[in-house]
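A look at the structure
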Amino acid sequence: MLKYYCVFERAPEAGMTADDCVYRIYEYDTTNGERIIHGMYGDQIFIYHSTLIVGKLFESVDDAIKDLGWSRRLTILPDGSMVIPEAVNYPNLYDSIFQVWNPNAQEIWPGEPGWGLQG
């Protein structure tokens, strides 16, 4: 059975510099089980992939992306495609280019009612 885990790593892809860091989601075959380490900071899953210790294994790639929440960091999926978690998790967030930044302020463009009035 496949599960997935996230790793934060320096992994330059085409068009990236050597200093760019990304999240990468890897597949993990749980056929031989999962090794759990009980520590003072809670249980962690130990994976033999460059001796990584990760806190979670996810049931699907979508679950792993959801766990990254508001991250705007490029995330590379197991199939090689790339996503930004914020755009996947909150697809309608930037539907309008006029985002409210202050409840007492409003964007007014030239020609609209109120343009040029001093408050």
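Residues numbered from 1 in each chain as written. Predicted model: local features only at pLDDT ≥ 70, side-chain atom pairs only at ≥ 80, totals over all residues. Heavy atoms only, no water.

A closer look at the overall build of the protein
- Of regular secondary structure, the protein possesses two helices and seven strands.
- Listed by position from the N terminus, the elements making up the protein come as β-β-β-β-β-α-β-β-α.
- Relative to its full complement of 119 residues, the protein shows a buried share of 26%.
- In the form shown here, the protein has an accessible surface area of approximately 8800 Å², with 53% of it arising from carbon and sulfur atoms. (Helix = DSSP H or I, 4+ residues; strand = E, 2+ residues; numbered from the N terminus. Buried < 20%, exposed > 50% of the residue type's maximum accessible area, 1.4 Å probe, protein only. Areas by Shrake-Rupley, 256 points an atom, 1.4 Å probe, with all protein chains shown as cover.)

Observations concerning the sheet that holds strand 4 (residues 42–47)
- Read from one edge to the other, the open sheet built from three strands follows the order 3-4-5, with strand pairing classed as antiparallel. Two strands lie at the open edges of the sheet, namely strand 3 (35–39) and strand 5 (52–54), each paired on one side alone. Geometrically, the sheet is characterised by an average inter-axis angle of 35° between neighbouring strands, direction not taken into account.
- Relative to strand 4, strand 3 runs antiparallel, the two sharing five bridges. Bridged to Arg35 within strand 4 is Phe46. (Pairing = 2+ DSSP bridges. Axes fitted to C-alpha atoms, helices over the stretch in contact; angles between N-to-C directions.)

Points about the side chain of Thr75
- By the element assignment, Thr75 lies in strand 6 (residues 75–76).
- Side-chain polar atoms of Thr75 contact the backbone oxygen of Arg73, separated by 3.2 Å.
- Excluding residues within four positions of it along the chain, Thr75 makes contact with Tyr23, Ile25, Leu68, Ser81, Met82, Val83 and Pro85. (Polar contact = N/O pair within 3.5 Å; in protein donor to acceptor, adjacent residues only side chain to side chain. Contact = heavy atoms within 4.5 Å.)

Some thoughts on the sheet that holds strand 1 (residues 2–10)
- Strand order across the open sheet formed by four strands is 1-2-6-7, with mixed pairing between neighbours. Edge strands, defined here as strands with exactly one partner in the open sheet, are strand 1 and strand 7 (82–83).

Overview of the confidence of the model for the protein
- Chain-level pLDDT for the protein is 80 on average; 74% of the residues reach the 70-or-more range.
- Looking across the protein, the model is least confident in strand 3, with a mean pLDDT of 75, and most confident in helix 1 (residues 61–67), with 96. (pLDDT = per-residue confidence, 0-100.)

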